[in-house]
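# Coordinates in review
One letter stands for each residue in the lines below.
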Amino acid sequence: MAKVLINIKVDREVKEKAQEIARELGFSLSAIVNAYLKQFIRTREVHFSLVERKRYIKVSRARKK
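Keep in mind it's a predicted model, so treat the numbers as computed, not measured. (Residues numbered from 1 in each chain as written. Predicted model: local features only at pLDDT ≥ 70, side-chain atom pairs only at ≥ 80, totals over all residues. Heavy atoms only, no water.)

Spanning 15 residues, helix α2 (residues 29-43) covers 21 Å between terminal C-alpha atoms, matching the ideal 21 Å at 1.5 Å per step. Where α2 ends, the next residue or the one after it, R44, has phi of about 55 degrees, a positive value. (Helix = DSSP H or I, 4+ residues; strand = E, 2+ residues; numbered from the N terminus. Expected span 1.5 Å × (residues − 1).)

Laid out in structure tokens, this is it:
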């Protein structure tokens, strides 16, 4: 599938924190955004929480065959 560029505006601090967390989990921020957009298309739902979590759950990447 061909890739396209999407320009969005976010607060600098939000981007930096999101990149850091994505990197800790072994993902690029682009991969995280793509996954969220694909989930949005599949479910037609938006999920988010207004409560800040103090701990993170480790996510493993699925292995490609």
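So that's the structure; there's more coming.
In this section: helix α1 (residues 12-24). Given a rise of 1.5 Å per residue, 13 residues ought to cover 18 Å, and the 18 Å separating the end C-alpha atoms of α1 matches this to within 8%. With its phi angle positive at about 90 degrees, G26 sits one or two positions after the end of α1.

A word on the pattern of salt bridges. In the structure shown here, the tally under the stated rule is 1 salt bridge. One salt bridge connects E13 with K17, and the closest N-O pair in it is separated by 2.9 Å. Placement of the pair is E13 and K17 together in helix α1, with a separation of 4 residues, close to one helical turn. (Salt bridge = Lys/Arg side-chain N within 4 Å of Asp/Glu carboxyl O.)

Its location among the elements puts F40 in helix α2. With a relative accessible area of 43%, F40 lands in the partly exposed category. Beyond its immediate chain neighbours, meaning those up to four positions away, F40 contacts E45 and V46. (Buried < 20%, exposed > 50% of the residue type's maximum accessible area, 1.4 Å probe, protein only. Contact = heavy atoms within 4.5 Å.)

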